[in-house]
Every structure is written in C-alpha cells, then in structure tokens.
Amino acid sequence: MERRYRLLLACPDRVGVVAMVSNFISSHGGSITDANQHSDPSIGWFFMRVEIIAGSLPFGLDALRDAFLPIAQSFKMEWQITDSNQPKRVVLMASRESHCLADLLYRFHSKELFCDIPCVISNHNDLRTMVEWHDIPYHYVPVDKDNKQDHFDTIKSLINEYKADVIVLARYMQILPHELCETYPHQIINIHHSFLPSFAGAKPYHQAHDRGVKLIGATCHYVTQDLDEGPIIDQDVIRISHRDQPGDMVRLGRDVEKSVLSRGLRWHLEDRILVCGNKTVVFN
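Caption draft 1: Structural detail: the overall build of the protein chain. Helix and strand content of the protein chain: eight helices and 13 strands. Radius of gyration (C-alpha) of the protein chain: 21 Å, near the 19 Å computed for a compact globule of 284 residues. Across the 284 residues of the protein chain, 46% fall into the buried class. Within the protein chain, residue pairs in contact and separated by at least 24 positions form 66% of the contacts whose partners lie at least 6 positions apart. Accessible surface, the protein chain as shown: approximately 14,100 Å² in total, 50% of it carbon and sulfur.

Now the structure itself:
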C-alpha cells in the first residue's frame, strides 16, 4: 500500500473542525484517501480519522506535526499523526491454549497483519515449538503462586527490552497487576468469552450448556485496572442450539475468539480506534 500519514483527533464538538482540517491538508497539496468522522451529542465531542498520501505533501512526518500543532491547540484536540510504513511492535502473551496465538502468528506470517512480533511471553512452555518455528524468541516466565510479583517484574522488563507498542493477551490466563495496566494505557489488548459475568470461573462453556444458552461470543477490549471491563474494541456472537454439546461450544467459541481478537488488533495497528472514557470510537 502507498505510504500514508494517519491523523486521528478528538476534541470538543464545534463548527469548523472538518473545514479547518481539510483546508490545512489541501493548502499543502495533500491528497486525502480516506476520511471518517463522528459527533457524539451525548458528551459533546467530535472524532475524526484522516489518511493522507505521504508523497503528496511537501514535508515529512515531523514537519507535518509541527505545522498542524497550532490548529490542534486552537481546537483543544487530543491528536496523533502516524506513518503507515512504520510497523508497530507487538508482544504476544499466552498460557497453554494455542488457538488465538496460532491464529495471530499465521496472520503475521502470511502478512495479513502489518507489524513486528519481537517475542512471545508465556507462563508455560507448551507453545515454544510453535512460536520458534516462526523464528520468534519465546520467553518462558513461570509463575510462583506465592510470589507473582517476580513474574510480572520480568514481564515488564521484557516489554521494555523489546520496546513494545502494543501487548496482546492471546489467552494469557493471569490477571495483570494494576501497575502494569497503568503503565501501558490503551496498549494492552485482551480477549475473553461472552459469558462474563454470568459464567465466570472454570469451564464456562459447560456452565452455559447447563443453562441452555443460545448465543456464544467473544469480546476484545483494552485492559484496565477493572478486570475485563476496559473499553471494548470488538465483539461478535454465533447462534447455537440444544444439539450443541460443551465440546461443540468450546470449538465454536474459539473460532469467535480468534476472529474478534485479530480484527481488534488489526484496527489498533491501522490506527482506527479512539478511546473516549470507557468506550471506543472505531472507524473500521
């Protein structure tokens, strides 16, 4: 894909934002290839995402940011401009279940996801062979149930060492401490089944089967200090029936988890998500 600059912004809603942004880009000869906007009257905020052909501008990324800064300040914008040619560094974390990790590795290997994966971190050794087949370093960091802090200290050190832009919990089955969540706001992506909070704990699909549920699904969200309650990026469901046994539900649930997580990560990598409070605006 031709190199593009991506402008994301959020600001108090007022007349003239779109015109000002568009005029700024056109005044420098910039060619807009994609533009999306959303106004939320319930909170009085405006959201926008614009893609600009990088080669159509007379300057580079840093100069573009400098030139746009006065406009951003005048409209009190929360904003960023990114380069589509700069892949984000994605650290994957997993435990024993392989379906989400295997799916993301496949999509990375087949170039469906434009990113770098510098390493995989796990609290078990089960998935090492699969990861190392992709020539990606695998870090086994065991958990001492009586002293989990050492585990999380090592994880934080690895995340910093590999300069992660985003961390994906691909069925990593440990609860992150508050300190890690605060250190990486809107940079940690998680996936969980749709039964929370109704069927928490062990064997949620068996619990759901016993209750005769008719829909199963998954939620992809950013991780916050509130367990499984961070801003939602994507969700999906599929219908099941009384004929489906717990094993069928597990299989179907895994399919949904894989697709929802990969979509959520792709939208993050393509800078399509703006977070507002505890919800998101996703320009997909």
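From this point, the discussion proceeds with the structure in view.
Caption draft 2: View of the side chain of Glu51. Relative to the elements of secondary structure, Glu51 occurs in strand E3 (residues 45–53). A polar contact is formed between the side chain of Glu51 and the side chain of Arg4, at a distance of 2.7 Å. Those residues in contact with Glu51, other than ones at most four positions away along the chain, are Arg4, Tyr5, Arg6, Ser31, Ile32, Thr33, Asp34 and Arg272.

Caption draft 3: Region of the structure containing the pairing of strand E9 (residues 188–193). The buried fraction of E9 is high, at six of six residues. Side chains Ile188, Asn190 and His192 of E9 all project onto a buried face; the interleaved residues Ile189, Ile191 and His193 project onto the opposite face, where all are buried too. Relative to E9, strand E8 (residues 166–169) runs parallel, the two sharing three bridges. Residue pairing across strands places Ile167 opposite Ile188, the latter belonging to E9. A crossover links E8 with its parallel partner E9, the connecting element being helix H6 (residues 178–183), and its sense is right-handed. Pairing of E9 with strand E10 (residues 215–222), which is carried by five bridges, proceeds in the antiparallel orientation. Across the sheet, the residue bridging to His193 is Ala218, located in E10.

Caption draft 4: Looking closely at the pattern of salt bridges. Inspection of every chain in the model, using the stated rule, returns 23 salt bridges. When the shortest N-O distance is used, the salt bridge between Lys88 and Asp271 registers 2.9 Å. Here Asp271 lies in the loop between helix H8 (246–269) and strand E12 (273–276) and Lys88 lies in strand E5 (residues 88–94), a separation of 183 residues in the sequence. Of the two residues, Lys88 and Asp271, both sit in the buried class. Ionic pairing is found between Asp126 and Arg96, a salt bridge with its closest N-O pair at 3.4 Å. One end of the pair, Asp126, is in the loop between strand E6 (115–122) and helix H4 (128–133); the other, Arg96, is in the loop between E5 and helix H3 (99–109), with 30 residues separating them in the sequence. Residues joined in a network through salt bridges with shared partners are Arg4, Arg6, Asp34, Arg49, Glu51, Lys88 and Asp271.

Caption draft 5: Focus on the packing of helix H7 (residues 204–211) against H8. Orientation of H7 relative to H8, taken along the N-to-C sense of each, is 120 degrees, at an axis distance of 9 Å. Between H7 and H8, the crossing angle belongs to the class labelled oblique. Where H7 crosses over H8, the two elements pack in a sense that is right-handed. Contacts from Tyr205, His206, Ala208 and His209 in H7 reach Pro246, Met249, Val250, Gly253, Arg254 and Glu257 in H8. For the contact of H7 with H8, the residue count by class is five nonpolar, three polar and two charged.

Caption draft 6: Broad picture of the packing of helix H1 (residues 17–27) against helix H2 (residues 61–74). It is at 11 Å that the axes of H1 and H2 come closest, and there the two elements cross at 150 degrees. Judged by the inter-axis angle, H1 sits roughly antiparallel to H2. Both H1 and H2 take part in a crossing whose hand is right-handed. Residue-level contacts link Met20, Val21 and Phe24 of H1 to Leu64, Ala67, Phe68 and Ile71 of H2. For the contact of H1 with H2, the residue count by class is seven nonpolar, no polar and no charged.

Analysis parameters
Residues numbered from 1 in each chain as written. Predicted model: local features only at pLDDT ≥ 70, side-chain atom pairs only at ≥ 80, totals over all residues. Heavy atoms only, no water. Helix = DSSP H or I, 4+ residues; strand = E, 2+ residues; numbered from the N terminus. Rg over C-alpha atoms; globule rule 2.2 N^0.38 Å. Buried < 20%, exposed > 50% of the residue type's maximum accessible area, 1.4 Å probe, protein only. Contact = heavy atoms within 4.5 Å. Areas by Shrake-Rupley, 256 points an atom, 1.4 Å probe, with all protein chains shown as cover. Polar contact = N/O pair within 3.5 Å; in protein donor to acceptor, adjacent residues only side chain to side chain. Pairing = 2+ DSSP bridges. Right-handed = clockwise from strand over helix to strand, strands pointing away. Salt bridge = Lys/Arg side-chain N within 4 Å of Asp/Glu carboxyl O. Axes fitted to C-alpha atoms, helices over the stretch in contact; angles between N-to-C directions. Parallel < 35°, antiparallel > 145°, perpendicular 65-115°, else oblique. Left-handed = near helix turned anticlockwise from the far one by under 90°. Nonpolar A, V, L, I, M, F, W, Y, C, P; charged D, E, K, R; others polar.

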